[in-house]
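# What the coordinates show
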Amino acid sequence: MAMEVTQILLNAQAVDSTLRNQAEENLKQFQEQNLPSFLLSLAGELSNDDKPVESRKLAGLILKNALDAKEQHRKLELVQRWLSLDTSLKSQIKACLLKTLSSPALDARSTASQVIAKVAGIELPHKQWPELIGTFLSNIHQLPAHTKQATLETLGYICEEVSPDAVEQDEVNKILTAVVQGMNSSESNNDVRLAATRALFNALGFARANFSNDMERDYIMRVVCESTLSPELKIRQSAFECLVAISSTYYEKLAPYIQDIFNITAKAVKEDEEPVALQAIEFWSSVCDEEIDILEEYGGEFSADSDVPCFYFVKQALPVLVPLLLETLLKQEEDQDQDEGAWNIAMAGGTCLGLVARTVGDDVVPLVMPFIEENITKPDWRQREAATYAFGSILEGPSPDKLIPLVNIALNFMLTALMKDPNNHVKDTTAWTLGRMFEFLHGSALETPIITQTNIQQIITVLLQSMKDVPNVAEKACGALYFLAQGYEDAGSSSSPLTPFFQEIVQALLTATHREDAGESRLRTAAYETLNEVVRCSTDETAPMVMQLVPLIMMELHQTLEAQKLSSDEREKQNELQGLLCGCLQVIIQKLGSAEPTKYVFMQYADQMMALFLRVFASRSATAHEEAMLVIGALAYAAGADFAKYMPEFYRYLEMGLQNFEDYQVCAITVGVVGDICRALEDKILPYCDGIMTQLLKDLSSNQLHRSVKPPIFSCFGDIALAIGENFEKYLMYAMPMLQSAAELSAHISGADDDMLEYTNSLRNGILEAYSGIFQGFKGSSNTQLLMPYAPHILQFLDSLYMEKDMDDAVSKTAIGVLGDLADTLGGNAGPLIQQSVSSRDFLSECLSSDDHLIRESAEWAKLAISRAISI
């Protein structure tokens, strides 16, 4: 049944494009005409040691792609397709794959490992291929080294593919035994040890039971710690990666080992090569993350029954950990500021120091200050930069009382350094540190301001001057200005200390966006983001100056649309710029649209603006589309009913957005804009509702659309119903069953992980917002009886949510609101139903005594509506 495919596979990698295209076409036809034979031929090719390694590798790759895909819906299709193949054919393919693991060719073995894991990922959850792990491990000790290495690599991939509940505990024990023995120092072959160490990394999630057993845990920890001392760099790195994973997965089991781990990590940070040292620092960053989460969750109040008490590992290690991290800050690289993705020991150490400060608060300060004082004025730039970085790293975590006196002393020094330091690194880090000062220690909530009438002039002069510096320094200066503006957000509508400087700040930011080199270090993006923040936090006094920005930014957007004959690289930059300009106009529209006098003046530009925004949709870029949609939503909100005149032309772009499954963010934003337009137009949106509802219903029933778009679609039903009132009647027969089946799915989710629970709550919220909008839309109409048939199911949904006890606050608020809306709209007809409902009384009384005032308000209103309905 298998066919000769070697030549086609080699041709598919040929330099000659005619040959290549022909071969790809042949493979495609073969797959479509006879899938079983196609898959078996590929498996045969992969397992045949007489074939060239290039054709074997590609055969394996095509086989792997026949089992898995990135898109969820395609993945499910491929899983079903494999499961429905003939069993004996699958056995032949699996036999070829297992045979390949003993091939002398490393590439063939490694490819086969990945394919076996994909097959296991499909079959093990369906209780198929139960003998896989057993046969795999029965004779691992007798195998030659290269086969042992491939077997362990495969185990690692299987653990990555399969969820722990698909593997029985005795199989897990066998896997761990094989892996830990492969890591043991008695194993002489380094390739085997490395494969075993990497496999353990993937298998840790399966080892819950083993980590609860002291003897087994001790053994695993001993072997991992020994592997961190291997002479082989990659094994040491991989062993530290295991320690990092253990610190987050099994934090509560670390106590007996933490002293040894500190010694190992400290030695690695000081003496080992960078890839190993980075992982050793990462271990402590990971412990900080765990402790920050625990302390945030329990607010420091531990009782005997807390699931995970905090062991304060970081606090105990402080006196030795902080000096260790400060030392790393001196190991900077010459060009790290220019390189977007740079990551090195100094950056890792600073990041970890920042996490330490958030974990222990005030205690970190006296350990860091001597280092800063000693190094901040040294002639060597490395020492000045390290001292500045250390200061910036500890500004989040410790209390303002502890930090503000230090910041008051440092501020002047930093401003001088930003202007006068001869070294770019130092200036870059100084501007970043100023930004952190303004982010965490400046704002209306603080008693003692660090920025006063006496120093604000100097601060602004220095930051605006730095915007002319090299791009990486200028970008950080924009960031500092961003947080400076944000701190005055609550200055009230009348006066902000920034008002006198508003004009020059805006001018400096616009100048920065026009720099020849604004494409470097994200400078252009940062300048626009800061401009947006300065506008957003501005007051009424500066509204006329914000108004002057409108024609300026429109002109720039117009120029990007006129540009002709661009290379693909230039076009990408244009699209990015269009997105930034739309984003800027969005903030300006929201600012000016929030007050009648400015709105009136600004609406004179609306027609020209809308024409520009519609032209942005001609570009191919998803980012530009998202921003254009958002700015149109803001314009609709500001224009209110007047927006109706743009609908005939805009509608097709709206429909295009709702059909954009590929870029699902565009689709989600468009759904939100439909909501904005409903609120603006109210019943003037009616002529467009058939098209919009049809598309939304299509979106919901599609399995190609990303799940995150579904909750906003449901709440959009509510927006439409609120806008068109009883005219929503004709959509009830389509929308209600959809809501009902989604409600049933979202009511009961036992044992879901955090992500799933978060998604389920957003889905519940969307469904409830739809119900709420529909009830409110029908209120006072003569057709409310149309909703009666749906009431029992809605009450049942509320009951089951109450019983599940896993709603978040947002869902509780919307849910109790829906109960009120139902009573309010259906009146006396709903009374008996509410009285029969199992939990509405308990749910209501729980919400009435909630700590959250929004939930209480919602509940007060529901109580009123229910008592009216019951008394009728």
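Coordinates for the structure precede this section.
### What to know about the overall build of the chain
When helices and strands are tallied, the chain shows 42 helices and zero strands. Computed over C-alpha atoms, the radius of gyration of the chain comes to 32 Å, within 12% of the 29 Å expected from 2.2 N^0.38 for 872 residues, which places it in the range of a compact globule. For the chain, the spread of C-alpha atoms along the three principal axes comes to 85 × 75 × 70 Å. Within the chain, the fraction of its 872 residues that count as buried is 55%. Sequence-distant contacts in the chain: of pairs separated by 6 or more residues, those separated by 24 or more amount to 72%. Total accessible area on the chain stands at roughly 39,000 Å², and carbon and sulfur atoms take up 51% of it. Mean positive and mean negative side-chain charge positions of the chain (67 and 120 charges, respectively) differ by 3 Å.

### Regarding a negative patch on the surface
On the surface, Glu282, Asp289, Asp293, Glu296, Glu297, Asp753, Asp754, Asp755, Glu758, Asp808, Asp809 and Asp851 cluster together to form a negatively charged patch. Elements represented by at least two residues in the negative patch include exactly helix H16 (274–298) and helix H37 (754–778). Counting residues per element, the negative patch draws most heavily on H16, at five residues. The class for aspartate 754 is exposed, based on a relative accessible area of 66%.

### Details of the environment of valine 535
Looking at the element boundaries, valine 535 is found in helix H26 (residues 523–536). Taking relative accessible area as the criterion, valine 535 reaches 1% and is therefore assigned buried. Valine 535 sits 33 residues away from phenylalanine 502 along the chain, and the two C-alpha atoms are 9.1 Å apart. Ignoring any residue separated from it by four or fewer positions in sequence, one finds valine 535 in contact with Val546, Leu549, Val587, Ile588 and Lys591.

### Here's the deal with empty space enclosed by the protein
Throughout the structure, instances matching the rule amount to four cavities of 30 Å³ or more. There is about 70 Å³ of room inside the largest cavity. In this structure, the largest cavity is lined by Ala485, Tyr488, Ser496, Leu498, Thr499, Phe502, Val534, Cys537, Ser538, Thr539 and Thr542. When the residues that make up the lining of the largest cavity are grouped by side-chain class, the tally is six nonpolar, five polar and no charged. Volume-wise, the second largest cavity comes out at about 40 Å³. As for the second largest cavity, its lining consists of Leu795, Leu798, Asp799, Tyr802, Leu819, Ser837, Ser839, Ser840 and Phe843. Listed by contribution, the elements that provide at least two residues to the lining of the second largest cavity are helix H38 (791–804) and helix H41 (840–848). Here the element with the most residues in the lining of the second largest cavity is H38; it accounts for four residues. Classifying every residue of the lining of the second largest cavity gives five nonpolar, three polar and one charged.

### Quick look at the packing of helix H15 (residues 258–271) against helix H17 (residues 313–328)
At a minimum axis distance of 11 Å, the contact between H15 and H17 shows a crossing angle of 5°. Considering their axes alone, H15 and H17 lie roughly parallel with respect to each other. Where H15 approaches H17, its residues Ile258, Phe262, Ala266, Val269 and Lys270 are matched on the opposing element by Phe313, Val320, Leu321, Leu324, Glu327 and Thr328.

### What about the pattern of salt bridges?
Inspection of every chain in the model, using the stated rule, returns 35 salt bridges. Salt-bridge contacts for glutamate 187 lead to lysine 148; the nearest nitrogen and oxygen are separated by 3.2 Å. Here lysine 148 lies in helix H9 (residues 145–161) and glutamate 187 lies in the loop between helix H10 (169–183) and helix H11 (190–203), a separation of 39 residues in the sequence. Here glutamate 187 falls in the buried class, since its relative accessible area comes to 14%. The partner of aspartate 607 in a salt bridge is lysine 645, and the shortest N-O contact between them spans 3.1 Å. One end of the pair, aspartate 607, is in helix H30 (residues 606–616); the other, lysine 645, is in the loop between helix H31 (622–639) and helix H32 (647–658), with 38 residues separating them in the sequence. We classify lysine 645 as exposed; its relative accessible area is 55%. Salt bridges sharing partners connect three or more residues here, namely Asp428, Glu475, Lys476, Arg522 and Glu529.

### A few points about the packing of helix H27 (residues 543–562) against H30
What describes two packed helices is the angle between their axes and the distance between those same axes. Packing of H27 against H30 brings their axes to within 10 Å, and their N-to-C directions diverge by 35°. In the packing of H27 onto H30, the handedness of the crossing is left-handed. Two secondary-structure elements touch here, H27 through Val550, Met554, Leu557, His558, Leu561 and Glu562 and H30 through Gln608, Met609, Leu612, Phe613, Arg615 and Val616.

### Observations regarding unusual backbone geometry
Positive phi, close to 55°, is recorded for tryptophan 129, a residue that is not glycine. Tracing the backbone shows tryptophan 129 in the loop between helix H7 (106–123) and helix H8 (132–138). Residue glutamate 682 is not a glycine yet carries a positive backbone phi of 50°. The residue glutamate 682 is located in the loop between helix H33 (664–681) and helix H34 (686–701) in this model.

### Quick notes on the layout of surface pockets
Estimates place the volume of the largest pocket at around 830 Å³. Taken together, the elements giving at least two residues each to the lining of the largest pocket come down to helix H18 (345–360), helix H20 (381–393), helix H22 (424–441), helix H24 (471–486) and H26. Per-element accounting of the lining of the largest pocket gives the leading share, eight residues, to H24. Per-class residue counts for the lining of the largest pocket are twelve nonpolar, eleven polar and 13 charged. The calculated volume of the second largest pocket comes to roughly 480 Å³.

### Structural notes on the nonpolar core
Core analysis: the biggest nonpolar cluster contains 308 residues, and Phe438, Phe650, Phe717 and Phe728 have the highest contact counts within it. Per-element tally for this core: the top contributor is H16, with eleven residues. Beyond its immediate stretch of four places on either side in the chain, phenylalanine 728 contacts Met693, Phe717, Ile720, Ala721, Ala735, Ile774 and Phe778.

### So, the environment of cysteine 352
Its location among the elements puts cysteine 352 in helix H18. Measuring from C-alpha to C-alpha, the distance between cysteine 352 and serine 102 comes to 43 Å, with 250 residues separating the pair along the chain. Excluding residues that lie within four positions of it along the chain, cysteine 352 makes contacts with Ile281, Trp284, Ser285 and Leu325.

### Structural notes on the side chain of glutamine 586
Mapped onto the elements, glutamine 586 comes out in helix H28 (residues 568–592). Those residues in contact with glutamine 586 that sit more than four places away from it in its chain are Glu627, Leu630, Val631 and Ala634.

Cut-offs used in this document
- Residues numbered from 1 in each chain as written.
- Predicted model: local features only at pLDDT ≥ 70, side-chain atom pairs only at ≥ 80, totals over all residues.
- Heavy atoms only, no water.
- Helix = DSSP H or I, 4+ residues; strand = E, 2+ residues; numbered from the N terminus.
- Rg over C-alpha atoms; globule rule 2.2 N^0.38 Å.
- Buried < 20%, exposed > 50% of the residue type's maximum accessible area, 1.4 Å probe, protein only.
- Contact = heavy atoms within 4.5 Å.
- Areas by Shrake-Rupley, 256 points an atom, 1.4 Å probe, with all protein chains shown as cover.
- Lys, Arg positive; Asp, Glu negative; His and termini not counted.
- Charge placed at Lys NZ, Arg CZ, Asp CG, Glu CD.
- Patch = residues over 30% accessible without salt bridge, like charges linked within 9 Å, V, L, I, M, F, W, Y side chains within 5 Å.
- Salt bridge = Lys/Arg side-chain N within 4 Å of Asp/Glu carboxyl O.
- 1 Å grid on protein atoms, 1.4 Å probe; cavity = no way out; pocket = protein on both sides within 12 Å on 5 of 7 lines; lining within 4 Å.
- Points joined across faces, edges and corners; volume = space filled by probe spheres on them.
- Nonpolar A, V, L, I, M, F, W, Y, C, P; charged D, E, K, R; others polar.
- Axes fitted to C-alpha atoms, helices over the stretch in contact; angles between N-to-C directions.
- Parallel < 35°, antiparallel > 145°, perpendicular 65-115°, else oblique.
- Left-handed = near helix turned anticlockwise from the far one by under 90°.
- Core = buried A, V, L, I, M, F, W, Y, C linked by side-chain atoms within 4.5 Å.

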